[in-house]
Amino acid sequence: MTTATRTEELKALAEKASAELADATALEALRWTAETFGDDFIVASNMQDAVLIDLATKVKSDVDILFLETGYHFAETIGTRDAVATVYPDVKIVNAAAEQTVAQQDAEYGPKLHDRDPNLCCHLRKVVPLRKTLSNYSAWVTGVRRVDAPTRANTPIVTWDDRNGLVKVNPIAPWTDDEFNAYIDEHGILQNPLVGEGYLSIGCAPCTAKVAPGADPRSGRWAGKSKTECGLHA
Ligand code: SF4
């Protein structure tokens, strides 16, 4: 089968599933993903918590987990990734790194590119490694929720990711914060310890700040810069 034919086939599959699974529960969406794609899908996690990982392992214990290893993570985030490997021993964590180390990037672009041109920094350290890793799969699963931000308010459960050329599944898109937190409490889900310290949306250390009580959780990302998204879910 040619690449173009495979792409058209996946696109049609996504369109059909988008309608059929519009009201699916998280587990129904994940079960469909596992039954449809077998080993050919990956679950993305920023290691803020293991909610999505926990759900995914209920339908496929040895699921692939994508972690963007930007070189700028908090030690607690790396610790959470390592704890996930212990709590869910069958999962395969795929660490997607940028082509350049931080030191090599600093040598080419100057230090602290994240302060001067965060879009370029995110492109080099997140968007490109993501695209490269996703090219090995037919579908990816994300923890995007509609309540995350106004730009995510219409997130479908299944869609076609045109930029990366594969099916995108967002099983917990409809979950409210209360539903999300209840799942953590009821199932004793692993969380990044920084959440308890007021970091309510965790990304790279230089671009993540604590959030004031009651403020928008994503207001701590790229605070003071005209940027609200990495470009992964645009
Ligand atoms: Fe660079 Fe900040 Fe983007 Fe991380 S979040 S890749 S440090 S700009």
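Conventions and cut-offs
Residues numbered from 1 in each chain as written. Predicted model: local features only at pLDDT ≥ 70, side-chain atom pairs only at ≥ 80, totals over all residues. Heavy atoms only, no water. Axes fitted to C-alpha atoms, helices over the stretch in contact; angles between N-to-C directions. Helix = DSSP H or I, 4+ residues; strand = E, 2+ residues; numbered from the N terminus. Parallel < 35°, antiparallel > 145°, perpendicular 65-115°, else oblique. Left-handed = near helix turned anticlockwise from the far one by under 90°. Contact = heavy atoms within 4.5 Å. Nonpolar A, V, L, I, M, F, W, Y, C, P; charged D, E, K, R; others polar. UniProt positions renumbered as here; feature names shortened; annotations may be inferred. Buried < 20%, exposed > 50% of the residue type's maximum accessible area, 1.4 Å probe, protein only. Right-handed = clockwise from strand over helix to strand, strands pointing away. Expected span 1.5 Å × (residues − 1). Bend = angle between axes of the 7 residues up to and from the residue. Arc of directions from axis to C-beta. Pairing = 2+ DSSP bridges. 1 Å grid on protein atoms, 1.4 Å probe; cavity = no way out; pocket = protein on both sides within 12 Å on 5 of 7 lines; lining within 4 Å. Points joined across faces, edges and corners; volume = space filled by probe spheres on them. Salt bridge = Lys/Arg side-chain N within 4 Å of Asp/Glu carboxyl O.

Chemist: If you had to explain the packing of helix H3 (residues 51–59) against helix H8 (residues 177–187) to someone new, which residues and values would you point to?
Modeler: It is the contact of H3 with H8, at a shortest axis distance of 10 Å, that shows an interaxial angle of 70°. As summarised for this structure, H3 and H8 are arranged roughly perpendicular, according to the angle between their axes. For the element pair H3 and H8, the recorded crossing hand is left-handed. Residues Val 51, Asp 54, Leu 55 and Lys 58 of H3 form the contact with H8, whose own contacting residues are Phe 180, Tyr 183 and Ile 184. Among the residues forming the contact of H3 with H8, the class breakdown is five nonpolar, no polar and two charged.

Chemist: Tell me about the UniProt feature "domain: Phosphoadenosine phosphosulphate reductase" (unreviewed entry) in the chain, and please be specific about residues and values.
Modeler: The sites that carry the UniProt feature "domain: Phosphoadenosine phosphosulphate reductase" (unreviewed entry) are, in the present numbering, residues 43–209. In residues 43–209, the share of helix is 37% and the share of strand is 15%. The end C-alpha atoms are 26 Å apart.

Chemist: Tell me about the pairing of strand S2 (residues 64–69), residues and numbers included.
Modeler: Of all six residues that make up S2, five are buried, and the element is covered over most of its length. Crossover strand S1 (residues 41–44) to S2 through H3 is right-handed. After leaving S2, the chain enters helix H4 (residues 75–87) and then returns to the sheet as strand S3 (residues 92–97), a path that is right-handed.

Chemist: Can you tell me about helix H7 (residues 118–134), naming the residues and giving the values?
Modeler: An α-helical turn contains 3.6 residues, so any two residues separated by three or four positions project in the same direction. Its 17 residues place the ends of H7 22 Å apart at the C-alpha level, agreeing with the 24 Å of an ideal helix rising 1.5 Å per residue. The sharpest bend along H7 measures roughly 35° and falls at Leu 124. Those residues of H7 that sit buried are Pro 118, Cys 121, Cys 122, Leu 124, Arg 125, Lys 126, Val 127, Pro 129, Leu 130, Thr 133 and Leu 134.

Chemist: Got a sec to walk through helix H1 (residues 3–20)? Specific residues and values, please.
Modeler: Taking 1.5 Å per residue as the helical rise, H1 with its 18 residues ought to reach 26 Å, and the 26 Å between its terminal C-alpha atoms agrees with that figure. Those residues of H1 that sit buried are Leu 10, Ala 14 and Ala 17. Projected down its long axis, H1 shows its buried positions confined to an angular sector of 75°, all on one face. In H1, the exposed residues that point more than 90 degrees away from the buried face are Ala 4, Glu 15, Lys 16, Ala 19 and Glu 20.

Chemist: Provide a residue-level description of the pairing of S3, including the pertinent values.
Modeler: Examined bridge by bridge, S2 and S3 share six bridges and lie parallel to one another. Among the inter-strand pairings, Phe 67 is bridged to a residue of S3, identified as Asn 95.

Chemist: Could you give an account of the layout of surface pockets, with specific residues and numbers?
Modeler: Of the voids in this model, the largest pocket is the one considered here, and its volume is about 1100 Å³. Lining the largest pocket are 41 residues, with Asn 46, Gln 48, Asp 49, Gly 143 and Ser 201 positioned closest to its centre. Going through the elements one at a time, H3, S2, H7 and H8 are the ones with two or more residues in the lining of the largest pocket. Counting residues per element, the lining of the largest pocket draws most heavily on H8, which supplies five residues. Taken together, the residues that form the lining of the largest pocket break down as 21 nonpolar, eleven polar and nine charged.

Chemist: Go over the pattern of salt bridges with me, naming the residues and quoting the values.
Modeler: Following the criterion strictly, the structure yields eleven salt bridges and no others. A salt bridge links Lys 58 to Asp 54; the shortest N-O distance between them is 3.5 Å. With Lys 58 and Asp 54 both in helix H3 and four residues apart, this pair spans about one turn of that helix. Note on Asp 54: relative accessible area 10%, which makes it buried. One salt bridge connects Lys 60 with Asp 62, and the closest N-O pair in it is separated by 2.9 Å. A relative accessible area of 39% places Asp 62 in the partly exposed class. One continuous salt-bridge network, built from bridges that share partners, spans Arg 6, Glu 9 and Asp 40.

Chemist: So, the sheet that holds S2: which residues are in play, and what are the values?
Modeler: Taking strand neighbours across the sheet as the criterion, the six strands line up as S3-S2-S1-S4-S6-S5 in an open arrangement whose pairing is mixed. A strand with exactly one partner marks an edge of an open sheet, and here the two such strands are S3 and strand S5 (158–161). Geometrically, the sheet is characterised by an average inter-axis angle of 30° between neighbouring strands, direction not taken into account. Pairing of strand S4 (residues 139–141) with strand S6 (residues 166–169), which is carried by three bridges, proceeds in the parallel orientation. Within S6, the residue paired with Val 141 across the bridge is Val 169. Seen against the sheet, H1 touches S5 and S6 and runs at an angle of roughly 150° to S5.

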